[in-house]
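# Residue-level structure breakdown
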Amino acid sequence: MGKTPVPVREGQRSDQAPRSPDEKRRKFHSLMGQVLDLRRLRAAYEAVRSNRGEPGVDGVTVEAFGEQLEANLAALVVELRAKTYRPQPVRRVWIPKPDGDQRPLGIPAVRDRVVQQAVLQVLEPIFEADFSSHSHGFRPGRSTFSALRELYGQVRDGHVWIVDVDIEKFFDEIPHEPLIEAVAERVADGSVLRLVRLFLEALIQDGYRVVRPKAGTPQGGVVSPLLANIYLARLDRVLEAEGISFVRYADDVRLNSRTEAGAQQALKRTGAVLQELGLRLSTRKTKLVRLSQGVDFLGYRLIRQKGHLNVYITPKALERFRQEVRRLTRRTAGKSLRVMVSRLDRYVRGWGEYFKRAQAAGVFDRHDRWITRRLRAFKAKRWRNGLWRRYPDQYFWVHLGLTRLYHLRRDFIRELEVRRRAGNRPVERSAGNPHATFVRGTEASS
């Protein structure tokens, strides 16, 4: 006769057994030797190379660093052993945001990205064991789709009051000392902690100006996402302990409740924890919404309409898409039509693969035809023209191989239907909505 199962509170982790106090207090020593292992450093370089990043302040590209890889790695090992290693200044660039503001992006030198990657490979398994199952950002085996799937499941199960949490300038305002203390809760190797401090305090070169940051971790740094997850793990633990349903992707958090009062209490508790962490809520962007009003998360909008839970693309995501297509199809671009289509196709396909789960067949079809019209305008050097006879839509889709968004969505639905009929059951039908594809089993086509 089995034991009576213990009820699990809303939001509490039930997939893992409780850890013993000794295991929670366990610290890891002698980690620097793993960082210095040449095999790990080679693997770190390969990971950096696969990301195809831009050069840092020294102008050294990933390819140039790799031409003398063994010599460069040996020099890094010597500096790290002698504790003379110092990161070069981080090159700051500014990325425009949809609201007209700008977001700072930090680009470390390639040599520093290799060291950060090696440290990441050593620290990540240590902290992964403790991270919340509701945290999805920049973690192995998790993705935007796993986060969206969990949010979809929670709101479908009745959590119709959602708090859209916005942490004010999160990556810029993480206090250094508490962050290093959070790392030190599991890491006892002083040399590794020293490296983390060096990464955080590296100079930032913004044009001709060089500053030393007093807080924050650069967006664009290899180790920054892990450090962000380590720091926000305390918030995750508090929310789980108090039975609050939530989903987090990096600093993008959604608190979900069955009642308005529960959502307000969750928001109040979250604000208090963030204040203890030296962070703050954005009063302008943080908001409480009901599912019937729609909740935006990672480019998708979930909204309940006429008893159905529907999934759309957010207006902001569509506008960013149109802006990028306009940039890639400028009539003054000076490229051949074939080269332009090739570059445009890479962007359109990637965007379409991400958003093909949305209920957007009509939106995709309209944008397909808008794109081909822009390509004809590029050829004619004016918007109104008669080139549709010489260059019909099919010319771009078939002859030049331009991805058609409508077909991406259509083929995705067909594939799911074939797998369902084969007995793999990749799709759950919810409340009569045939487009509910944020469920387990759709990752193969992500």
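Within any chain, residue numbers begin from 1 and follow the written order of that chain's sequence. The predicted nature of this model means local features are confined to residues of pLDDT at least 70 and side-chain atom pairs, given and counted, to a pLDDT of 80 or more, with totals for whole chains, interfaces and linings taken over all residues. Each side-chain value is derived from all of the structure's non-hydrogen atoms; neither hydrogens nor water enter the calculation.

## Some remarks on helix 7 (residues 144-156)
For helix 7, spanning 13 residues, the distance from its first C-alpha to its last is 18 Å, which sits close to the expected 18 Å at 1.5 Å a residue. In terms of burial, helix 7 is a largely internal element, twelve of the 13 residues being buried. Each residue gets one of three labels from its accessible area relative to the maximum for its type: buried under 20%, exposed over 50%, partly exposed in between, using a 1.4 Å probe on protein chains only. We count a stretch as a helix when DSSP gives it H or I for four or more residues in a row; a strand needs E for two or more, and each element gets its number in order from the N terminus. Those residues of helix 7 that sit buried are Thr144, Phe145, Ser146, Ala147, Leu148, Arg149, Glu150, Leu151, Tyr152, Gly153, Gln154 and Val155. Near the N-terminus of helix 7, the side chain that reaches the backbone nitrogen of Phe145, with its oxygen 3.2 Å away, is that of Ser143. Residue Gly158 follows helix 7 closely and has a positive phi angle near 115°. For a helix, the expected span equals 1.5 Å multiplied by the residue count minus one. The term polar contact refers here to a pair of N or O atoms within 3.5 Å; inside protein, the definition further demands a hydrogen-donor-capable atom paired with an acceptor-capable atom, and it admits residues adjacent in sequence only when both atoms are side-chain atoms.

## Brief notes about the sheet that holds strand 6 (residues 245-249)
Strand pairing is defined by DSSP finding a minimum of two bridges between the two strands. Strand order in this open sheet of four strands is 6-7-3-8, and the pairing throughout is antiparallel. Strands at the two margins of the open sheet, each flanked by one partner only, are strand 6 and strand 8 (287-290). Neighbouring strand axes in the sheet, compared pairwise and without regard to direction, differ in orientation by 20° on average. Between two residues, a contact is recorded if the distance between any of their heavy atoms is within 4.5 Å. Only the stretch in contact is used when a helix axis is fitted, and all axes are lines through C-alpha atoms; the angle between N-to-C directions ranges over 0 to 180 degrees. Against the sheet, helix 7 touches strand 3 (161-166), strand 6 and strand 7 (252-257), its axis set at about 160° to strand 6. On the sheet, helix 12 (residues 260-276) packs against strand 3, strand 7 and strand 8 and is oriented at approximately 145° with respect to strand 7.

## Description of empty space enclosed by the protein
With a 1 Å grid laid over protein atoms only, a set of points is called a cavity when a 1.4 Å probe fits there but cannot get out and a pocket when it is open yet has protein on both sides within 12 Å along at least five of seven lines; lining residues have an atom within 4 Å of a point. Grid points are joined across faces, edges and corners, and a volume is the space filled by probe spheres set on the points. Summed over the entire model, instances satisfying the criterion amount to one cavity of 30 Å³ or more. In this structure, the largest cavity encloses a volume near 90 Å³. Lining the largest cavity are 13 residues, and of these Val90, Pro108, Gln116, Phe199 and Pro218 lie nearest its centre. Partitioning the lining of the largest cavity into residue classes produces seven nonpolar, five polar and one charged. Amino acids outside the nonpolar list (Ala, Val, Leu, Ile, Met, Phe, Trp, Tyr, Cys, Pro) and the charged list (Asp, Glu, Lys, Arg) are all regarded as polar, and Gly is one of them.

Structural measurements only, silent on function.
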